[in-house]
Every structure is written in structure tokens, then in C-alpha cells.
Amino acid sequence: DAVIHLAGINLFSKRWNESFKKAVLESREVSTKNLVEVIKSCANKPEVFISASGIGYYGDCGDDLLTEESQAGNDFLADVCKVWESEARKIGESGIRNVQIRTGLVLSTEDGALKQMLPPFKFFIGGPLGNGKQWSSWLHIDDIVGIYLHAIDNKNLSGAVNSAAPNPVRMKEFAKTLGKALHRPSIFPVPIFVLKIVVGEAAEVVTASQKVDVQKLLNSGYKFKFPDLYK
């Protein structure tokens, strides 16, 4: 019925250098190309091919509201997403519906960015990343799972789909809310130069401002379990 493609090296599993960046790109480009070629050769083809992507597609966009029609950025991660999506869309040559899920910051205590942000707060030294003014388009892990299931079932959904909660927040508010949930202060901002020491070029990714619009997803009928960061 469907093929869901999530494969790709974890962006933050290592400090960025040229060899790791090459591996990040190839892990997405080659795996997508191989899957598409195999699916095209199948006698019984799936109805839909759903591939992961990311809101990193847009680059750092300040206060701009980003729809699926917004231009791609020109940094490394944006280039990765462009190649990734381009390979995924080739499945359309076989008449197969395809969806590219442009994922925001997924919140899970098991893995990802949130897991890495928790330790400083637990030691009372947590705070916003960078200047705190950038927009953070986040979503709960239950919602990203729900969005993939929705993409399988909704035959009218195709192409790129922004996948984040409908209420993005600025990083300063995100950190403040996280501190509130953990009963910890959020008064120690992490300057970008410190982040660059720790994670290298990836610091520019984690401090990028991306305020994405999810009206396409809402119009398709998806109901968010967690539309707001904190209640």
C-alpha cells in the first residue's frame, strides 16, 4: 500500500566536517534513488511513496512565514533537502502519489534535539540557543507519526508538506517553556560561538529561524494532538 522512507544519517551524531557532510548527503540521495528505482521495477507498485525531508529546506529566514511554495535556502542543509526531495519526486514518473514530509523540530525525550537540551536544564544552566529571537517550528513525536499515517490515508495529499505544530514559538519562549516544564530556570543563553565550538557548522542549523505555515496540512484534514507547546 505504501512505502515510507526515513533513512539517513543523524545530522547531529558527529561534529560536522566535509567527510561527514558528504555522508549525510549521500545517505539520503543514494537511498532514495535506490528505493525509487526498485519501486519502479515492481509489478505491483505501492499507491504512495512518502519520504522524509526537513524545514531546513528553507534555510535561515528570519520572520518570514514559510509555505511549501517558499524558495529553498542556499546553505548545506537546504541543498541536502533539495536533492533528497528531487530524487523522491521521480517516483511520480510511474504515476505513484508522492509526499515529502518537511519535518520541524521533533520533540521526544528518547532522542533528537530535545534530549540534548535537557541536561543543561537539569543542572540549572539551561537557556535559549543563540540570541533567542529565532523562530522554532516544533512538533510532538506523536504528531509526526500521525502525519505520516495521515499521508498514507489521504489520497489528495501530495508533494511537499510542512510538518510542524500550527503555533511556532521563538527560541526564547521555547527555552522558557522547557524550563517551566522541568521546574528549572531558563536564564543562561548559549551564544552561537559556543555552539560552534561544540558542534561546528551545525550551530548555524540549530539557531536558524524558520516560521513555517502548515495550512496545507490543516486543509487536508489533519488534527494535531499537540497544537500548543505548553498548557
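Note that residues are indexed from 1 along each chain, following the sequence as it is written. The model is predicted, so local features are restricted to residues of pLDDT at least 70 and side-chain atom pairs to those at 80 or more, both for listing and for counting; the totals for chains, interfaces and linings are taken over all residues. Excluded from the side-chain calculations are hydrogens and water; all other atoms, namely the structure's heavy atoms, are used.

*Asks:* Got a sec to walk through the overall build of the chain? Specific residues and values, please.
*Replies:* Helix and strand labels come from DSSP, where a helix needs a run of H or I of at least four residues and a strand needs a run of E of at least two; each type is numbered from the N terminus. If you tally the helices and strands in the chain, you get 8 helices and 10 strands. Throughout, radius of gyration means the C-alpha value; the globule benchmark is 2.2 Å times the number of residues raised to the power 0.38. For a compact globule of 231 residues, the expected C-alpha radius of gyration is about 17 Å, and the chain comes in at 18 Å, within 12% of that figure. With respect to the principal axes defined by its C-alpha atoms, the chain has extents near 60 × 40 × 30 Å. Throughout, exposure labels follow a simple rule: accessible area from a 1.4 Å probe, protein chains only, divided by the maximum for the residue type, with under 20% read as buried, over 50% as exposed, and the rest as partly exposed. Classification of the 231 residues of the chain by burial places 45% in the buried group.

*Asks:* I'd like a description of the nonpolar core, backed by residues and values.
*Replies:* Residue types Ala, Val, Leu, Ile, Met, Phe, Trp, Tyr and Cys, when buried and joined through side-chain atoms within 4.5 Å, form a set referred to as a nonpolar core. In terms of nonpolar packing, the biggest core is built from 25 residues, with Ile50, Tyr58, Val99, Ile101, Ile147 and Val212 touching the most fellow members. Of all elements in the fold, only strand S2 (48–54), helix H2 (76–89), strand S4 (97–103) and helix H4 (141–153) reach the threshold of two or more residues within this core. Residues within four places of Val99 in sequence aside, it is in contact with Val48, Phe49, Ile50, Ser51, Ala151, Leu157, Ser158, Gly159 and Val161. Core analysis: the second largest hydrophobic core is formed by 15 residues, Val169, Phe174, Ala175 and Leu178 among them. Any two residues whose heavy atoms approach within 4.5 Å at even a single point are treated as in contact.

*Asks:* Give a description of the packing of helix H1 (residues 18–41) against H2 that names residues and reports values.
*Replies:* Angular values range over 0 to 180 degrees, each being the angle between N-to-C directions of two axes fitted as lines to C-alpha atoms, with helices fitted over their stretch in contact. The geometry of H1 relative to H2 is characterised by a closest axis approach of 8 Å and an angle of 10° between their N-to-C directions. Taken together, H1 and H2 sit at an angle that is classed as roughly parallel. Residues Lys21, Val24, Leu25, Arg28, Glu29, Thr32, Lys33 and Val36 of H1 form the contact with H2, whose participating residues are Phe76, Val80, Val83, Trp84, Glu87 and Ala88. For the contact of H1 with H2, the residue count by class is 8 nonpolar, 1 polar and 5 charged. Roughly parallel means an angle under 35 degrees; roughly antiparallel, over 145; roughly perpendicular, 65 to 115; everything else is oblique. Three classes are used, and their members are as follows: Ala, Val, Leu, Ile, Met, Phe, Trp, Tyr, Cys and Pro are nonpolar, Asp, Glu, Lys and Arg are charged, and the others, Gly among them, are polar.

*Asks:* Give a description of the pairing of S2 that names residues and reports values.
*Replies:* A large share of S2 lies buried, amounting to 7 of its 7 residues. Every second residue of S2 is oriented toward a common face, with Val48, Ile50, Ala52 and Gly54 on one face and Phe49, Ser51 and Ser53 on the other, all of them buried. Here a strand pair is declared whenever DSSP counts at least two bridges between the two strands. The sheet contact formed by strand S1 (residues 2–5) and S2 spans 4 bridges and is parallel. Along S2, the bridge assignment pairs His5 with Ser51.

*Asks:* Tell me about the side chain of Lys21, and name the residues and values.
*Replies:* Tracing the backbone shows Lys21 in helix H1. If we skip the residues at most four places from it in the chain, Lys21 touches Trp16, Phe76 and Glu201.

*Asks:* Can you explain helix H5 (residues 171–182)? Please cite residues and give values.
*Replies:* Spanning 12 residues, H5 covers 16 Å between terminal C-alpha atoms, matching the ideal 16 Å at 1.5 Å per step. Regarding H5, the residues found buried are Met171, Phe174, Ala175, Thr177, Leu178 and Gly179. Multiply 1.5 Å by the residue count of a helix minus one, and that product is the helix's expected span.

*Asks:* Provide a residue-level description of the sheet that holds S1, including the pertinent values.
*Replies:* The strand order across the open sheet built from 4 strands is S1-S2-S4-S8, with neighbouring strands paired in parallel fashion. Each of the sheet's edge strands pairs with one partner strand only, and the pair in question is S1 and strand S8 (159–163). Each strand axis lies, on average, 20° off the axis of its neighbour in the sheet, ignoring direction. Packing of H2 onto the sheet brings it into contact with S1, S2, S4 and S8, and relative to S2 it is tilted by some 175°. Across the sheet, H4 is in contact with S1, S2, S4 and S8; its angle to S4 comes to roughly 165°.

*Asks:* Hey, could you go over H2 for me, with residue numbers and the actual values?
*Replies:* Helix length check: H2, at 14 residues, gives a terminal C-alpha distance of 20 Å against a target of 20 Å (1.5 Å per residue), a fit within 8%. Of the residues making up H2, those classed as buried are Phe76, Leu77, Ala78, Val80, Cys81, Trp84, Glu85, Glu87 and Ala88. The inward-facing, buried residues of H2 abut S1, H1, S2, S4, S8 and helix H7 (203–206).

These values are about where atoms sit, not about what they do.
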